[in-house]
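# Residue-level structure breakdown
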Amino acid sequence: MSTPGLPVSELMSRLQSGQLTSVELTQACLEQITRHDSRVGAFLSIEPEKSLEQARQIDQKRSRGEPLGLLAGIPVAIKDVICQKGTVTTCASRMLEKFVAPYDAHVIECLRRADAVLLGKTNMDEFAMGSSTENSAYKVSRNPWDLERTPGGSSGGSAAAVAAQMAPLSLGSDTGGSIRQPAGLCSVVGLKPTYGRVSRYGLIAYASSLDQIGPFSHDVTGAALLLEAIAGHDSRDSTSVPQAVPAYSQTIDQPLQGLRIGFAREHFAPGLDTEVEQSVREALRVYQKLGATIHEISLPHQKYAVAVYYIVAPSEASSNLARYDGVHYGHRASQFSSMIEMYSASRGEGFGSEVKRRIMLGTYALSAGYYDAYYLKALKVRRLIRNDFDNAFREVDLIATPVNPTPAFKLGELVNDPLAMYLSDIYTISANLAGIPGISVQAGFSSGGLPLGLQLLGAPFAEERLLRAARMFERETEWHRRRAPLAG
Ligand code: GLN
């Protein structure tokens, strides 16, 4: 195992004892990137000098005995949807090819305060629209477990960067599963916090009522540390909730007594791969062995989640993406003879086909005459989906589900079939619609050696419980110790 593949807690103790410096660790990450990223395609940009300079300063702070932040000296890769001051932030779109962020996102400020090292910007589906990272305007990312397959999306680069041991931690964003789905496909831990737990200030908006930023890590403890560093109130995001942040990393190793875990019959429907299903059933047995009780629950409106999401998310996206008009910032066409032509040529050239599809879907759903039939109805069903969860969480503490209906699919397999691609989000989308937190943890491998994930969903602001429950499973199963067999 290379150094950046070690668990964050181990890296932190080596840094503390002086066995390892942050410069050495950052260099080891950069070496992994040099060795493997031409094949994996996890990063869109790195700035080695800047990262090493940050690491150097943290090492000096440590040697002077100054107080250090929570993630002192640990490199973190950042999905390219998050603004980092002075760094190109493209959202994997031609539209923002030359956009240099003029300010830091809230989460970047938090990372600087935590003395983390900003390692580089990771590949993603353009504007976070997709489930395979094939919608990037720049390159395809590959699954480190099988380079012919997708790492998932839209945060595929962030998941692959951790899985390929290029970064011990990374940040992604999750609007409909974009952290949990790639985590499941790449055998890493990924967590989507409760809506409002992490500030969206400086996160380039896709669908504002669904978007949340969250961590990727090899293990649950690493995810807890990174969440602890980025969570908390921020007055610049009006949906950020002023609720104290528990010290997630402190309680993580305390097992939960009397844990009640639900599984929904609606989640075990046709279309679910048998090995995926078996791994979730096996996970339930593990929890039972650990003293949890298992309860069958019902989420009757779950079947509408994908349909509702693909009205709500594109509607919000069509509004959010109206700002890319070629005037304020972003791509501007060079040839036009009128203002309207300038708008349409700039947008026509700047956006890729999936983004255009979403804008058209959303504009249609919001237009006069269709608003009530589509958008308003979708909002009503969204409420029913949330009610289902509220009811379920009166009976159980957590809900266990698959993350993905199948293991990682081949690159090119679904990209020309948008509907099939949309259905790969069937298990993750409802958490965003309901605003609840969810975590994806490693739950084994298929007979073909592909990662399988387990999703745990919790009530709003139950991240602490979610992390502790995930850690109980991890400690018992040890799937998180395996690393992708990268050649070269
Ligand atoms: N795959 C979903 C979509 O395409 C979710 C993406 C996300 O969570 N950002 O919209």
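Residues numbered from 1 in each chain as written. Predicted model: local features only at pLDDT ≥ 70, side-chain atom pairs only at ≥ 80, totals over all residues. Heavy atoms only, no water.

### Topic: empty space enclosed by the protein
If you walk through the whole model with that rule in mind, you get three cavities of 30 Å³ or more. Volume-wise, the largest cavity comes out at about 80 Å³. Forming the walls of the largest cavity are 14 residues, and the residues nearest its centre are Ala128, Gly130, Ser178, Tyr309 and Asp425. The class makeup of the residues in the lining of the largest cavity is five nonpolar, seven polar and two charged. (1 Å grid on protein atoms, 1.4 Å probe; cavity = no way out; pocket = protein on both sides within 12 Å on 5 of 7 lines; lining within 4 Å. Points joined across faces, edges and corners; volume = space filled by probe spheres on them. Nonpolar A, V, L, I, M, F, W, Y, C, P; charged D, E, K, R; others polar.)

### Side note on the site of the ligand
In the vicinity of the ligand lie 15 residues, with Thr175, Gly176, Ser178, Tyr206 and Tyr309 positioned nearest. A distance of 2.9 Å separates a nitrogen atom of the ligand from a polar backbone atom of alanine 128. At 2.6 Å, a side-chain N or O of tyrosine 206 approaches an oxygen atom of the ligand. Protein contacts shield 100% of the accessible area of the ligand, which totals 290 Å² for the unbound molecule. (Near = heavy atom within 4 Å. Polar contact = N/O pair within 3.5 Å; in protein donor to acceptor, adjacent residues only side chain to side chain. Areas by Shrake-Rupley, 256 points an atom, 1.4 Å probe, with all protein chains shown as cover.)

### Some thoughts on the packing of helix 2 (residues 22-40) against helix 3 (residues 48-63)
Two numbers describe how helix 2 lies on helix 3: the axes approach to 8 Å, and their chain directions differ by 155°. One finds that helix 2 runs roughly antiparallel with respect to helix 3. In terms of crossing hand, the pair formed by helix 2 and helix 3 is right-handed. Between helix 2, through Ser22, Val23, Thr26, Gln27 and Leu30, and helix 3, the contact on the second element is made entirely by Pro48, Ser51, Leu52, Ala55, Arg56 and Asp59. Its residues assigned to classes, the contact of helix 2 with helix 3 shows five nonpolar, four polar and two charged. (Axes fitted to C-alpha atoms, helices over the stretch in contact; angles between N-to-C directions. Helix = DSSP H or I, 4+ residues; strand = E, 2+ residues; numbered from the N terminus. Parallel < 35°, antiparallel > 145°, perpendicular 65-115°, else oblique. Left-handed = near helix turned anticlockwise from the far one by under 90°. Contact = heavy atoms within 4.5 Å.)

### Thoughts on the packing of aromatic side chains
The final tally for this structure, using the stated rule, is 17 aromatic pairs. For the ring pair tryptophan 145 and phenylalanine 445, a centre distance of 5.0 Å and an interplane angle of 50° mean the geometry is tilted. Of the two residues, tryptophan 145 sits in the loop between strand 3 (117-122) and helix 5 (156-163) while phenylalanine 445 sits in strand 10 (residues 438-445), which places them 300 residues apart along the sequence. Both residues of the pair, tryptophan 145 and phenylalanine 445, count as buried. Judged by centre distance (5.7 Å) and plane angle (20°), the ring pair of tyrosine 287 and phenylalanine 473 falls under stacked. In this pair, tyrosine 287 is assigned in helix 9 (residues 274-289) and phenylalanine 473 in helix 16 (residues 463-477), connecting sequence segments 186 residues apart. Across this residue pair, the class does not change: tyrosine 287 and phenylalanine 473 are buried. Cluster of aromatic residues (ring-pair linked, three or more members): Phe99, Phe127, Tyr324, Tyr329 and Phe351. The ring of phenylalanine 268 has arginine 281 sitting right over it, with the charged end atom 4.5 Å from the ring centre. (Phe/Tyr/Trp six-rings, centres within 6.5 Å; stacked < 30°, edge-to-face > 60°. Buried < 20%, exposed > 50% of the residue type's maximum accessible area, 1.4 Å probe, protein only. Lys NZ or Arg CZ within 6 Å of the ring centre and 35° of its normal.)

### Here we look at the pattern of salt bridges
If the charged atoms of two oppositely charged side chains come close together, the side chains can form a pair. Summed over all chains, the structure comprises 27 salt bridges. Across the salt bridge formed by aspartate 104 and arginine 112, the nearest N and O atoms sit 2.7 Å from each other. The buried category is assigned to aspartate 104, whose relative accessible area is 12%. On the basis of relative accessible area, arginine 112 is assigned to the partly exposed category, the value being 35%. Several salt bridges share partner residues, and in doing so they unite Asp253, Arg471, Glu474 and Arg475 into one network. (Salt bridge = Lys/Arg side-chain N within 4 Å of Asp/Glu carboxyl O.)

### A closer look at the layout of surface pockets
Space inside the largest pocket adds up to approximately 270 Å³. Taken together, 18 residues make up the lining of the largest pocket; nearest its centre are Tyr103, Leu203, Ile204, Ala205 and Arg323. A per-class count over the lining of the largest pocket returns ten nonpolar, three polar and five charged. Looking at the second largest pocket, its volume works out to about 230 Å³. Every residue lining the second largest pocket is counted, 17 residues in all, and those nearest its centre are Glu266, Ala269, Gln302, Lys303 and Ile426. With three residues, helix 10 (residues 305-320) is the largest single contributor of residues to the lining of the second largest pocket. Looking at the lining of the second largest pocket residue by residue, the class counts come to twelve nonpolar, three polar and two charged.

### Some thoughts on the state of the cysteines
According to the stated counting rule, one finds zero disulfides in the structure shown. There is no disulfide at cysteine 83, and the cysteine sulfur nearest it, in cysteine 91, is 8.2 Å away. According to the relative accessible area criterion, cysteine 83 is buried, its value standing at 2%. Residue cysteine 91 is classed as buried on the basis of its relative accessible area, which comes to 0%. (Disulfide = S-S within 2.5 Å.)

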